[in-house]
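Examining the three-dimensional arrangement
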Amino acid sequence: MSKAGTPDFFYREAQRLGYVARSAFKLLQMQKQYKLITPGSSVLDLGCAPGAWLQVACQSLGPLKNGGAVVGIDLKKVKVPPMHCDSRVQTVCADVLNLPKNKLKALSPQQNGFAVILSDMCPLVSGISIRDAALSAELGMRALDLAVGGVSLLHSDDTVQGEGRSECSNSTPKNDGLLRPGGHLVIKLLESEDVKEFGQLCKPLFKKAAWLRPNATRSCSKEIYLICQGLL
């Protein structure tokens, strides 16, 4: 709904097309611009409630015969939406901050990790900007750690001020992350002074990293997405 309480364009379109929330159009735009999810991919959706991104992710896998999998994690119990989803989609009710990586990896096809990790996690907004941004950054760091592992994070911290990305990719030790080499990561954050630093932390780990504020984002929202492509 819009700020005035009347249905806006994306809300109406979501209802018309069978998506459970207008947020579906955020991931649809990312797909159109960056082609993150390819047919047969394995996708991990962190903070998956109410399930709109599960729908878009499953659609992006192509026909059922192509294979692939979508795993959604959320503090809330999320029922897999009947429209746009099929048997490749499953959800788990758990706290991402406390869920061991090995349990998450066990949910991936052949327990081999994921090709795409999406984090749409957001803290309960208090209205205190500094606090909300800090909590958002904490969730973002958890998503990054799950994706690339602590070893890569430490290495990135040592090299973030250097310009030689190729040197970083050649010397980075094998990590315990869930994201496969060449995989993509999307992290939602709340805009703050620390956001740029977060981006600098990610850039040495991926071939490309860019910021996106999707068209479906409400005008009053401070959310912004970091799109990381091609894990090195």
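Residues numbered from 1 in each chain as written. Predicted model: local features only at pLDDT ≥ 70, side-chain atom pairs only at ≥ 80, totals over all residues. Heavy atoms only, no water.

With 32 residues, the main nonpolar core has Met30, Ile37, Val43, Leu118, Val186 and Ile227 as its most contacted residues. Listing elements by their share of this core, those giving two or more residues are helix 1 (9-17), helix 2 (24-34), helix 3 (52-60), strand 4 (114-119) and strand 7 (223-231). The dominant element in this core, judged by the number of residues it contributes, is helix 3, at six residues. Residues within four places of Val43 in sequence aside, it is in contact with Ile37, Ala57, Leu61, Ala69, Val70, Val71, Phe114, Val116 and Leu118. (Core = buried A, V, L, I, M, F, W, Y, C linked by side-chain atoms within 4.5 Å. Buried < 20%, exposed > 50% of the residue type's maximum accessible area, 1.4 Å probe, protein only. Helix = DSSP H or I, 4+ residues; strand = E, 2+ residues; numbered from the N terminus. Contact = heavy atoms within 4.5 Å.)

Strand pairing in a sheet relies on backbone hydrogen bonds. The paired strands run either parallel or antiparallel. Strand order across the open sheet formed by seven strands is 3-2-1-4-5-7-6, with mixed pairing between neighbours. Of all strands in the sheet, those with a lone pairing partner are strand 3 (89-93) and strand 6 (206-212), marking the two edges. Ignoring which end each strand starts from, the neighbouring axes of this sheet average 15 degrees apart. The pairing of strand 1 (residues 42-46) with strand 2 (residues 69-74) spans five bridges and is classified as parallel. Across the sheet, residue Ser42 finds its bridge partner in strand 2, namely Ala69. Sheet contacts for helix 7 (residues 195-202): strand 5 (179-190), strand 6 and strand 7; angle to strand 7, the most-contacted strand, approximately 10 degrees. (Pairing = 2+ DSSP bridges. Axes fitted to C-alpha atoms, helices over the stretch in contact; angles between N-to-C directions.)

Okay, the state of the cysteines next. Inspection of every chain in the model, using the stated rule, returns zero disulfides. The thiol sulfur of Cys228 is not disulfide-bonded, and the nearest other cysteine sulfur, from Cys202, lies at 4.3 Å. Owing to a relative accessible area of 0%, Cys228 belongs among the buried residues under this scheme. (Disulfide = S-S within 2.5 Å.)

Following both chains from N to C, one finds helix 2 and helix 3 inclined at 30 degrees, their axes separated by 8 Å at the closest point. Here helix 2 and helix 3 pass one another in a crossing that is right-handed. On helix 3, the residues touching Ala24, Lys26, Leu27, Leu28, Met30 and Gln31 of helix 2 are Ala52, Trp53, Val56, Ala57 and Ser60. Grouping the amino acids of the contact of helix 2 with helix 3 by side-chain chemistry returns eight nonpolar, two polar and one charged. (Left-handed = near helix turned anticlockwise from the far one by under 90°. Nonpolar A, V, L, I, M, F, W, Y, C, P; charged D, E, K, R; others polar.)

Another point: the packing of aromatic side chains. In this structure the tally under the stated criterion is four aromatic pairs. Plain terms: the ring middles of Phe9 and Phe10 are 5.2 Å apart, the flat faces sit at 75 degrees to each other, and that makes the pair edge-to-face. Relative accessible area serves as the criterion here: at 47%, Phe9 is assigned to the partly exposed category. Relative to Tyr225, the ring of Trp53 lies with its centre 5.8 Å away and its plane at 35 degrees, an arrangement referred to as tilted. Of this pair, Trp53 sits in helix 3 while Tyr225 is found in strand 7, placing the two residues 172 residues apart along the sequence. This pair shows no difference in class: Trp53 is buried, exactly as Tyr225 is. An aromatic cluster is present here, built from Phe9, Phe10, Tyr19 and Phe25 joined pairwise through their rings. (Phe/Tyr/Trp six-rings, centres within 6.5 Å; stacked < 30°, edge-to-face > 60°.)

Our next topic: helix 3. Taking burial as the measure, the nine residues of helix 3 include eight buried ones, the bulk of the element. Note on helix 3: the residue one or two positions beyond its end, Gly62, has a positive phi of about 85 degrees.

Before going further, it helps to examine the pattern of salt bridges. Using the criterion set out here, one finds nine salt bridges in the structure. The partner of Lys101 in a salt bridge is Asp145, and the shortest N-O contact between them spans 3.4 Å. Of this pair, Lys101 sits in helix 4 (residues 101-105) while Asp145 sits in helix 5 (residues 129-159), and the two are 44 residues apart along the sequence. Each member of the pair Lys101 and Asp145 is classed as buried. Asp120 is the partner of Lys188 in a salt bridge, and the nearest nitrogen-oxygen pair spans 3.2 Å. (Salt bridge = Lys/Arg side-chain N within 4 Å of Asp/Glu carboxyl O.)

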